[in-house]
Amino acid sequence: MGAESKIIPIEYRELRKWKYQLTHRYNVHTSIIVPENISSDYIYLRKSGIMTISKHYAWDGATWFPDFKTIIRPSLVHDAFCQLMEEGKLLRDPYRKKADKLLKDMCRAEGMSGATSYGVYTAVRSYSKLHYGV
């Protein structure tokens, strides 16, 4: 995500089981290039890195941090990548580390401080190494 990237707003609502649910489809250009298009019930990832997340997709926001405004959109995209990995549609190695870095970069683009975004990154990397070894 370069400095010239336009931040596209998302619309969502809060839920009980999940914290949030998209009220409209969301498209985002990520820096994660994959060898083939990947699709899931609510997620479509193009080879070019463009991700489409369908209306009604639900996610839990930031697991290890408060849901600051600067982490809502990044947590949506990160959770979608993690779901593709959980479903076996995307390899954890090397894509988990790339998704974690994208989360940090998106948090910074949203206006999160460097120290806080690094803390977010450190938390997700620690979780990934502990639970998945990657």
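Scroll up to find the structure.
We now turn to the structure provided with this report. (Residues numbered from 1 in each chain as written. Predicted model: local features only at pLDDT ≥ 70, side-chain atom pairs only at ≥ 80, totals over all residues. Heavy atoms only, no water.)

Quick look at the pattern of salt bridges
Keep this limit in mind: Counted as salt bridges are all cases of a side-chain nitrogen of Lys or Arg within 4 Å of a carboxyl oxygen of Asp or Glu. Here a strand is any run of E in DSSP of at least two residues, a helix any run of H or I of at least four, and the numbering for each starts at the N terminus. Buried means the residue's accessible area, taken with a 1.4 Å probe over protein chains only, is under 20% of the maximum for its type, while exposed means over 50%, and partly exposed covers the values in between.
As enumerated under the stated definition, the model contains seven salt bridges in all. Here Asp67 ties to Lys19 by a salt bridge, and the two come within 3.1 Å at their closest N and O atoms. Of the two residues, Asp67 sits in the loop between strand E7 (58-59) and helix H1 (69-86) while Lys19 sits in the loop between strand E1 (12-14) and strand E2 (20-22), which places them 48 residues apart along the sequence. Take Asp67: its relative accessible area is 25%, and that puts it in the partly exposed class. Look at Lys19 and you get partly exposed, because its relative accessible area is 35%. Overlapping salt bridges, with partners in common, bring together Arg96, Asp100 and Arg125 in one network.

Here's the deal with the packing of aromatic side chains
What counts, and what does not: Paired rings are identified among Phe, Tyr and Trp, the last through its six-membered ring, by centres lying within 6.5 Å, and are further divided according to the angle between planes into stacked (under 30 degrees), edge-to-face (over 60) and tilted (the rest).
All told, the structure shown has four aromatic pairs when counted by the stated rule. Considering the side-chain rings of Tyr20 and Trp59, the 5.5 Å spacing of their centres and the 40° angle between planes classify their relative orientation as tilted. You can see Tyr20 sitting in strand E2 and its partner Trp59 sitting in strand E7, a full 39 residues away along the chain. Centroid distance Tyr127 to Tyr132: 6.1 Å. Interplanar angle 70°. Geometry classified as edge-to-face. The exposure class assigned to Tyr132 is partly exposed, which follows from its relative accessible area of 29%.

Thoughts on the nonpolar core
For clarity, the cut-off: In plain words, nonpolar cores are sets of buried Ala, Val, Leu, Ile, Met, Phe, Trp, Tyr and Cys residues tied together by side-chain atoms within 4.5 Å. By definition in these notes, contact holds between two residues if any of their heavy atoms fall within 4.5 Å.
Of all hydrophobic cores here, the largest spans 26 residues; its most connected members are Met51 and Phe81. Of all the elements in the fold, those that place two or more residues in this core are E2, strand E3 (26-29), strand E5 (43-45), strand E6 (50-53), H1 and helix H2 (92-109). Broken down by element, the residue count for this core peaks at seven residues, all from H1. In contact with Met51, not counting residues within four places along its chain, are Tyr26, Asn27, Val28, Thr30, Ile43, Tyr44, Leu45, Val77, Ala80, Phe81 and Leu84.

Spatial relationships are all this shows, so hold off on functional conclusions.
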